[in-house]
Amino acid sequence: MAPFFLSDLLQDVFQKFELAAEARGQRLVADIAPGLPRVTADLAMMERVLVNLIDNAVRAAPVGGDVTVRLTPRGRGGIEVTVRDTGPGIAPVLAEHLFERPVFTGYAAAQETRSGGFGLMIVDRILRLHESTIRLLPQSGAGAAFQFVLRCETGP
Ligand SMILES: Nc1ncnc2c1ncn2[C@@H]1O[C@H](COP(=O)(O)OP(=O)(O)OP(=O)(O)O)[C@@H](O)[C@H]1O
Ligand SMILES: [Mg+2]
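Below: a short report on this structure.

Criteria and cut-off values
Residues numbered from 1 in each chain as written. Chains lettered and ligands numbered in written order. Predicted model: local features only at pLDDT ≥ 70, side-chain atom pairs only at ≥ 80, totals over all residues. Heavy atoms only, no water. Helix = DSSP H or I, 4+ residues; strand = E, 2+ residues; numbered from the N terminus. Expected span 1.5 Å × (residues − 1). Bend = angle between axes of the 7 residues up to and from the residue. Buried < 20%, exposed > 50% of the residue type's maximum accessible area, 1.4 Å probe, protein only. 1 Å grid on protein atoms, 1.4 Å probe; cavity = no way out; pocket = protein on both sides within 12 Å on 5 of 7 lines; lining within 4 Å. Points joined across faces, edges and corners; volume = space filled by probe spheres on them. Nonpolar A, V, L, I, M, F, W, Y, C, P; charged D, E, K, R; others polar. Near = heavy atom within 4 Å. Polar contact = N/O pair within 3.5 Å; in protein donor to acceptor, adjacent residues only side chain to side chain. Axes fitted to C-alpha atoms, helices over the stretch in contact; angles between N-to-C directions. Left-handed = near helix turned anticlockwise from the far one by under 90°. Contact = heavy atoms within 4.5 Å.

Let's talk about helix H1 (residues 6-23)
Owing to its 3.6 residues per turn, the α-helix aligns residues three or four sequence positions apart on the same side.
Inference 1: The terminal C-alpha atoms of H1 lie 26 Å apart, and with 18 residues this matches the ideal 26 Å at 1.5 Å per residue to within 8%.
Inference 2: Residue Phe 17 marks the point of greatest curvature in H1, where the axis turns by about 50 degrees.
Inference 3: By the burial criterion, the buried members of H1 are Leu 6, Leu 9, Leu 10, Val 13, Phe 14, Phe 17 and Ala 21.

What about empty space enclosed by the protein?
Inference 1: Across all of its chains, the model carries one cavity of 30 Å³ or more by this definition.
Inference 2: Approximately 30 Å³ is the volume found for the largest cavity.
Inference 3: Every residue along the wall of the largest cavity is listed here: Arg 84, Leu 137, Pro 138, Gln 139, Ser 140, Gly 143, Ala 144 and Ala 145.
Inference 4: Residues of the lining of the largest cavity, tallied by class, amount to four nonpolar, three polar and one charged.

Regarding the site of ligand 1
Inference 1: Around ligand 1, the surrounding shell holds 17 residues, and the nearest of these are Asn 56, Asp 85, Tyr 107, Gly 117 and Leu 120.
Inference 2: The contact in question runs from an oxygen atom of ligand 1 to an N or O atom on the backbone of Gly 117, over 2.7 Å.
Inference 3: For ligand 1, an oxygen atom lies 3.3 Å from a polar atom in the backbone of Gly 119.
Inference 4: Of all the secondary-structure elements, those providing two or more residues to the shell around ligand 1 are helix H2 (43-60), helix H4 (106-109) and helix H5 (119-129).
Inference 5: The residue makeup of the shell around ligand 1, split by class, is nine nonpolar, six polar and two charged.

Quick notes on the packing of H2 against H5
How two helices pack is summed up by the angle between their axes together with the distance between the axes.
Inference 1: At a minimum axis separation of 9 Å, H2 and H5 run at an interaxial angle of 145 degrees. Crossing handedness for the pair H2 and H5: left-handed. From H2, Met 45, Met 46, Arg 48, Val 49, Asn 52, Leu 53 and Asn 56 reach across to H5, where they touch Gly 119, Leu 120, Ile 122, Val 123, Ile 126, Leu 127 and Leu 129.
Inference 2: Residue classes in the contact of H2 with H5 are distributed as 10 nonpolar, three polar and one charged.

As structure tokens, then:
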């Protein structure tokens, strides 16, 4: 665990997806509140969380759609992370066990090889290790929105 700026990590991860998004005419939007403190977390694990969520969002969003990651302060000493897309969203029946076992529907069902399906389980496990929880927000309008809160670096 070490302190780092989540906004720096997000820019880095967005760069990885730039080509994929561009090829699909999608916008990657970083909506970052000013003056956010650093978080204390495992950098490599947190990268995995962002990569897995953004990968899903890019695959789910339509051509010309948006993937938005929002970083905002939450209470005292937390940063709220929301990853939102403009895809079809996730049916309530799927949502129930989404973080517990592999799920193959939606964009995944359209693929020929059904390897994987562990992305969200890994996100869930990593966030638990950080005493956080991944949540699927109730659907409002288009798309899926996943949210979690990370603890900030504790001041002196
Ligand atoms: N943003 C999203 N919009 C719509 N459906 C989603 C979204 N994220 C996940 N899903 C659904 O949840 C399933 C599980 O996601 P998960 O990331 O665990 O696996 P995967 O993306 O299929 O495979 P992997 O992440 O291992 O490449 C997906 O197959 C898809 O049906
Ligand atoms: Mg995935």
